[in-house]
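Report on the structure
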Amino acid sequence: MAKYYLLLSFIAFACLFQDVKSCFIFPRVHVSIVNELPPKSEQFFLYCKSKDDDLGNHTVAVNQDFHFDFCVIPLATLFYCDLSWGKRAASFEVYNGRWVSVPCQTGKSCVYEVRDDGIHLGDKLWNHWYCGDKVCS
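For clarity, every value in this text was computed on a predicted model and none was experimentally measured. (Residues numbered from 1 in each chain as written. Predicted model: local features only at pLDDT ≥ 70, side-chain atom pairs only at ≥ 80, totals over all residues. Heavy atoms only, no water.)

1. Quick notes on the packing of aromatic side chains
On inspection of all chains with the given rule, the structure shows 8 aromatic pairs. Ring centres 5.8 Å apart and planes at 40° place the aromatic pair F66 and F68 in the tilted group. Judged by its relative accessible area of 12%, F66 falls in the buried class. Residue class for F68 comes out buried when judged on its relative accessible area of 8%. (Phe/Tyr/Trp six-rings, centres within 6.5 Å; stacked < 30°, edge-to-face > 60°. Buried < 20%, exposed > 50% of the residue type's maximum accessible area, 1.4 Å probe, protein only.)

2. As for the environment of F44
Its place among the elements puts F44 in strand β2 (residues 44-50). Considered as a pair, F44 and T59 are 15 residues apart in the sequence and their alpha carbons are 5.9 Å apart. Dropping the residues within four chain positions of it, F44 is found in contact with I33, N35, L37, H58, T59, V60, L83, S84, W85 and V114. (Helix = DSSP H or I, 4+ residues; strand = E, 2+ residues; numbered from the N terminus. Contact = heavy atoms within 4.5 Å.)

3. Some words on the state of the cysteines
Using the criterion set out here, one finds 2 disulfides in the structure. Residue pairing for C48: its cysteine sulfur links by disulfide to C81, the two sulfurs lying 1.9 Å apart. Between C48 and C81 the sulfur-sulfur dihedral comes to about 105°; the bridge is accordingly right-handed. Of this pair, C48 sits in strand β2 while C81 sits in strand β5 (residues 78-85), and the two are 33 residues apart along the sequence. Judged by relative accessible area, which is 0%, C48 ranks as buried. (Disulfide = S-S within 2.5 Å.)

4. Focus on the side chain of N96
Here N96 is to be found in strand β6 (residues 88-96). Residue classification places N96 among the buried residues on the basis of a relative accessible area of 12%. Among the polar contacts listed, one links the side chain of N96 to the side chain of E93, at a separation of 3.1 Å. Beyond its immediate sequence surroundings of up to four residues, N96 is in contact with T77 and L78. (Polar contact = N/O pair within 3.5 Å; in protein donor to acceptor, adjacent residues only side chain to side chain.)

Here's what the structure looks like:
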């Protein structure tokens, strides 16, 4: 019984002194969605959410970004975003706690670049732009 009190005391103590930005046991992930469209392009519109968090609508100008962070709950965390740029649209998973291998650069930082050919994660094309039901040409 003393072990349980000791464990409970440790957890309570850790919670009292933990940094507001820390996630205690699970990692904190930072996501950036950067507008890398050609100069003088129109801004794009972005809407991101998870089951628990609605991050709202955002307008992102060229060379600007929208960013957020969250604590991962393994097998449960799922964030996705919808983007529109002129007549082009894209929807994609930004982070999925069910991913076997997290494709982000460091596992704790996901930097997506929005370009004229689609959305890139690192050096990979992550998602195409769609014009209606078809990939834009």
